[in-house]
Structures are given as C-alpha cells and as structure tokens.
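# A look at the structure
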Amino acid sequence: MTATIPTSGSAIGIALLTLGDRWTLLILQRAFVSRTRRFGDWRAQLGLSESTLAARLRDLVAAELMERVPYDDNGRTREEYMLTPRALELWRLLLAIWGWEQVSVAGADDAPRLIHDVCAQEALPILGCGVCDTAPVTARDTSAERGAEAEFAKVSVPRLHRRAKESATPADALSYYPETMEILGDRWSTAILAAAFLGVRRFNGFKAELGIAQSILSDRLRRFVAAGVLHAPSSEGEYRLTAKGMDFFPVFAILVDWAQRWYSPGSAHELTIRHTSCGSPFRPVLLCSRCGEELVRTSVHFDLHTASANRV
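Residues numbered from 1 in each chain as written. Predicted model: local features only at pLDDT ≥ 70, side-chain atom pairs only at ≥ 80, totals over all residues. Heavy atoms only, no water.

A separate point is the state of the cysteines. Within the structure shown, the criterion is met by zero disulfides. The closest cysteine sulfur to the non-disulfide-bonded cysteine 129 is located on cysteine 132, 3.6 Å from its own sulfur. Between cysteine 291, a free cysteine, and cysteine 288, which holds the nearest cysteine sulfur, the sulfur-to-sulfur gap is 3.7 Å. Residue cysteine 291 is classed as partly exposed on the basis of its relative accessible area, which comes to 31%. (Disulfide = S-S within 2.5 Å. Buried < 20%, exposed > 50% of the residue type's maximum accessible area, 1.4 Å probe, protein only.)

Structure (structure tokens):
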C-alpha cells in the first residue's frame, strides 16, 4: 500500500518524498535514456515485481511527472506513460547524478558516454551560474539563506513504500552505482545530505532538523562514512562532508531549483542559494566541459555502445 504524496508544504520536502526512491529514479532514467514508455518494457529492464512497478507508476502520475496516454496495440487500446513538462526538467538532475558518478565513483569509466551534439564531443556536465555565466561553481562558491517558514527536510510522513526485497537494483550499464543509491536510494539519505550542505553537522542537529528516528539516522550516517561521503565524526562529534560529498552539490542545487519552481511558484522561496561572486540567487545550469555551451536536453545523448555492465 502507498501513501499519498503531499501537494502542499515544503517544496523541497515534497521533492524528496517524490524522488527519494531508487525505483522511481530508475524508472525516470529509463524514460529519458531508453525512451521507455510501457509497463512491460520497464518490467523487463528493471526486473522488479509488477506490484512494485505499478505502485511507482501510480505515484509518478499522482505527482504529475507522468501521464497515461492511450495507444493502439493491434486493435486493442492500451496505455503508455509519457513524461510531463514538470518531469522533462528532471533530465538535468539525472545528468548531474551521472556527472557525479564520473568524477567520484571508482570504475565509472565503464558507464555510457555523454555526447554533446553541438560540438560532437564526449563531455562532462559542469555546474555554472546562469546569471553571471561563471563556471565551474562549487558549494564553496555559494551561501544558503533560509526563510522563516523553511522546513525543507520535514519529511517525517508515513513511508511511501515498503522496501522492495524481491529484487536488487539491475546490474546493467544504465543502472546507478551502489554508492549513488546510498545517497539517493531513499528519502532520508537524500535529506541528510541536503541538511549537510546547509551546515548541519552534529547527530542531534540532523535529528532535530529532519524529525528522523535515531536508529535510521545512525544507520544512514554510518553508510555515508563508509561510502566516503562524510568524514567519521570528529572529537567534537561533527560529521563533515568529504570532497566526494561536496562534489554532490550540483545534484542538490538542481533539486532545490526544480522543487521550488514547480512546487511553490509565485511564493517566497523557502531556501535561497546565493552565488557569492555575483550576489544573485543561484540559477544552476549545466555546461559542456568541451565547448562551454549550455547542455540542452535535445542536444545531448548517451552512447550506450561504449558501456559495460558493472553495476550491483
């Protein structure tokens, strides 16, 4: 059974609840990269149960990330799932995740190659400021300002799904690496990393910020330390982001930008990431590492022929 995704409240919290699930991310990834649209194709590619897949697709429709569209199948009317305009903008998030894997995960050289069609070269996405055209932009080049009503991490609602035990993440060249799923595989992991980017460092700080159970927090912090995303707690009891964790900033910045434009339009943002160099609210863009032009969804593709299956 699934819980209803909230449609009001913290924009970033809603985004974490909507996207903080490994199967949801893999379904969206296949929709973008493989242009998968049909239930049977996702079932074959991901190897998850029909009930789990049906639940995730229902939630994606409820979140207005997908819509059911009828098609003719030899005289029989069936439905396929198309990405909505809201979902189409998530391609930047998925591209940023892929980019993090390329620089932070050992052995990621077996992954599909990103080709920028404008310059016809293999490229990496580089985070830049869409206001002043500065690139690259790192977490250290920004500051965060939280509004009085900011509760981005208040995601303490009933779990949307039971953990799927019947199948592991598929071991093919398109799937995310295990280290990626340690961060994005569930809502709590993503929320903890988001809080870390906002300066939360102590165990009790994470607990108070997130409203998370102590046992879950202990488990996620332990996993983050093992994955090299957080340093082991210092003598002062602080968990600080490692260089590998800091490199995840493009994903965080794009998630915040997407969430606040789609879930709280026209209202004061609960969180403003400010680019220190130009002083403006940060507008994240992804640029080609070869030619410097902005990467647009319709001008990039993945060369799947260069990939090998090295996933867990």
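Alright, that's what it looks like, and here's the rest.
This part covers the pattern of salt bridges. Counted according to the given criterion, the structure contains 19 salt bridges. Note that aspartate 21 and arginine 56 form a salt bridge whose closest N and O atoms lie 2.9 Å from each other. Linking aspartate 21 in the loop between α1 (11-19) and α2 (22-33) with arginine 56 in helix α4 (residues 50-62), this pair joins segments that are 35 residues apart in sequence. Across the pair, exposure class does not vary: aspartate 21 and arginine 56 are buried alike. For glutamate 209, the salt bridge is made with arginine 146, and the minimal N-O distance between the two is 2.9 Å. Separated by 63 residues along the polypeptide, glutamate 209 in helix α9 (residues 203-210) and arginine 146 in strand β6 (residues 142-146) bring together distant segments of the chain. (Salt bridge = Lys/Arg side-chain N within 4 Å of Asp/Glu carboxyl O. Helix = DSSP H or I, 4+ residues; strand = E, 2+ residues; numbered from the N terminus.)

Glancing now at empty space enclosed by the protein. Remark: the empty space left among the atoms is shown by a probe the size of a water molecule rolled over them. Applying the stated criterion across every chain, the model contains two cavities of 30 Å³ or more. In this structure, the largest cavity occupies an estimated 150 Å³ of space. Forming the walls of the largest cavity are 16 residues, and the residues nearest its centre are Leu16, Leu184, Thr190, Val251 and Leu255. Contributing elements (two or more residues each) for the lining of the largest cavity: α1, α6 (91-104), α8 (187-197) and α12 (249-263). The element best represented in the lining of the largest cavity is α8, accounting for four residues. In terms of residue class, the lining of the largest cavity is made up of 14 nonpolar, two polar and no charged. (1 Å grid on protein atoms, 1.4 Å probe; cavity = no way out; pocket = protein on both sides within 12 Å on 5 of 7 lines; lining within 4 Å. Points joined across faces, edges and corners; volume = space filled by probe spheres on them. Nonpolar A, V, L, I, M, F, W, Y, C, P; charged D, E, K, R; others polar.)

Spatially, β4-β3-β9 is the arrangement adopted by the three strands of the open sheet, whose pairing is antiparallel. Here the strands that pair on one side only, and so sit at the sheet edges, are β4 (121-122) and β9 (300-303). The strands touched by α6 are β3 (113-116) and β9; relative to β3, the strand with the most contacts, the crossing angle is about 125°. (Pairing = 2+ DSSP bridges. Contact = heavy atoms within 4.5 Å. Axes fitted to C-alpha atoms, helices over the stretch in contact; angles between N-to-C directions.)

Turning our attention to α9. Considered for burial, the residues of α9 that qualify are Phe203, Phe206, Glu209 and Leu210. All buried residues of α9 lie within an arc of 140° about the axis, which places them on one face of the element. Of the residues in α9, the exposed ones pointing more than 90 degrees away from the buried face are Asn204 and Ala208. Taken together, the buried residues of α9 touch β6, α8 and α10 (214-226). One or two positions beyond α9, positive phi appears at glycine 211, with a value near 65°. (Arc of directions from axis to C-beta.)

Further remarks concern the layout of surface pockets. Taken as a whole, the largest pocket encloses approximately 730 Å³ of empty space. Residue lining of the largest pocket: 29 residues in total, with Ala31, Phe32, Val33, Arg35 and Arg297 positioned closest to the centre. Breaking the lining of the largest pocket down by element, the ones donating at least two residues are α2, β2 (76-83), α6 and β9. Here the lining of the largest pocket takes five residues from α6, the largest share from any one element. When its residues are assigned to classes, the lining of the largest pocket shows 19 nonpolar, five polar and five charged.

Attention now goes to the nonpolar core. Within the largest apolar cluster, 89 residues are counted, with the highest numbers of intra-cluster contacts made by Trp42, Met66, Phe197, Phe206 and Phe249. Not counting chain neighbours up to four residues away, the residues in contact with phenylalanine 206 comprise Ile192, Ala195, Ala196, Val200, Arg201, Gly211, Ile212, Leu217, Leu221 and Tyr239. (Core = buried A, V, L, I, M, F, W, Y, C linked by side-chain atoms within 4.5 Å.)

Glancing now at unusual backbone geometry. Along the chain, alanine 135 connects to proline 136 via a cis peptide bond; the corresponding omega equals -5°. In this model, asparagine 74 sits at a positive phi of 55°, which is unusual for a non-glycine residue. Relative to the assigned elements, asparagine 74 resides in the loop between β1 (66-73) and β2. Look at asparagine 74 and you get exposed, because its relative accessible area is 78%.

We now examine the side chain of glutamate 101. Its place among the elements puts glutamate 101 in helix α6. Within the structure, glutamate 101 has its side chain in polar contact with the side chain of threonine 180 (distance 2.5 Å). Contact partners of glutamate 101, with chain neighbours within four places excluded, come to Ala108, Tyr176, Tyr177 and Thr180. (Polar contact = N/O pair within 3.5 Å; in protein donor to acceptor, adjacent residues only side chain to side chain.)

Contact pair α8 / α10: the axes reach a minimum separation of 10 Å and the direction vectors enclose 70°. Considering their axes alone, α8 and α10 lie roughly perpendicular with respect to each other. The two elements α8 and α10 cross, and the hand of that crossing is right-handed. For the pair α8 and α10, contact is made by Trp188, Ser189, Ile192 and Leu193 and by Ile216, Leu217, Arg220, Leu221 and Phe224, respectively. The residue inventory of the contact of α8 with α10, partitioned by class, reads seven nonpolar, one polar and one charged. (Parallel < 35°, antiparallel > 145°, perpendicular 65-115°, else oblique. Left-handed = near helix turned anticlockwise from the far one by under 90°.)

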